[in-house]
Amino acid sequence: MSCFYQWFTAAITESDAFDTEQLLLSVEKLKHGQAVNISKYDFRTYKTTYKTDVSKPRKVNPSDVILLEGILIFHDARVRDLMNMKIFVDTDANVRLARRIRRDS
């Protein structure tokens, strides 16, 4: 879900930090057999590639299985309604911190 962070000043744990409309549009297209371009969010500059043209977005082709992940992926009912199956994985805080450090450095 980090691909859908907006250029924002809010904390990234807040639901309004995500471009939910873009996420919904992308998932709908994938579910209907259309490829989508997914931007990359840069945690150092707080910008997404589709808003800055830093690099080309990644093309994602439709598939029978679409995985969505993120700390607030279940927050919006519209996103939840697009899912056929939901799985929550509880990860140890030390593992989460190590992943963030590796991602942001």
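Above this note sits the structure.
The notes below deal with the structure included here. All figures in this text were calculated on a predicted structure; none of them were measured in a lab.

## Examining the pattern of salt bridges
Between side chains of opposite charge, a pair can form as their charged atoms come close. If you walk through the whole model with that rule in mind, you get 2 salt bridges. With its nearest N and O atoms 2.7 Å apart, the salt bridge here joins Glu21 to Arg78. With Glu21 in helix 1 (residues 20-31) and Arg78 in helix 3 (residues 77-81), this pair connects stretches of sequence that are 57 residues apart. The partner of Arg78 in a salt bridge is Asp76, and the shortest N-O contact between them spans 2.9 Å. Judged by its relative accessible area of 19%, Asp76 falls in the buried class. Connected via shared salt-bridge partners are Glu21, Asp76 and Arg78.

## Examining the environment of Arg80
Mapping Arg80 onto the fold places it in helix 3. With near-sequence residues (within four places) excluded, Arg80 lies in contact with Phe74, His75 and Lys86. Here the side chain of Arg80 touches His75 through a polar contact of 3.1 Å, landing on its backbone oxygen.

## Observations regarding helix 1
In a regular helix each residue adds 1.5 Å, so 12 residues correspond to 16 Å; helix 1 covers 16 Å between its end C-alpha atoms and thus fits that length. The set of residues buried in helix 1 consists of Thr20, Leu23, Leu24, Ser26, Val27 and Leu30. Each buried residue of helix 1 sits inside an arc of 165° when the element is viewed along its axis, so together they form one side. Against strand 1 (36-38), strand 4 (58-60) and helix 3 lie the buried residues of helix 1. A positive backbone phi angle near 80° is found at Gly33, which sits one or two residues after helix 1.

Here is what the cut-offs are and how they apply
Residues numbered from 1 in each chain as written. Predicted model: local features only at pLDDT ≥ 70, side-chain atom pairs only at ≥ 80, totals over all residues. Heavy atoms only, no water. Salt bridge = Lys/Arg side-chain N within 4 Å of Asp/Glu carboxyl O. Helix = DSSP H or I, 4+ residues; strand = E, 2+ residues; numbered from the N terminus. Buried < 20%, exposed > 50% of the residue type's maximum accessible area, 1.4 Å probe, protein only. Contact = heavy atoms within 4.5 Å. Polar contact = N/O pair within 3.5 Å; in protein donor to acceptor, adjacent residues only side chain to side chain. Expected span 1.5 Å × (residues − 1). Arc of directions from axis to C-beta.

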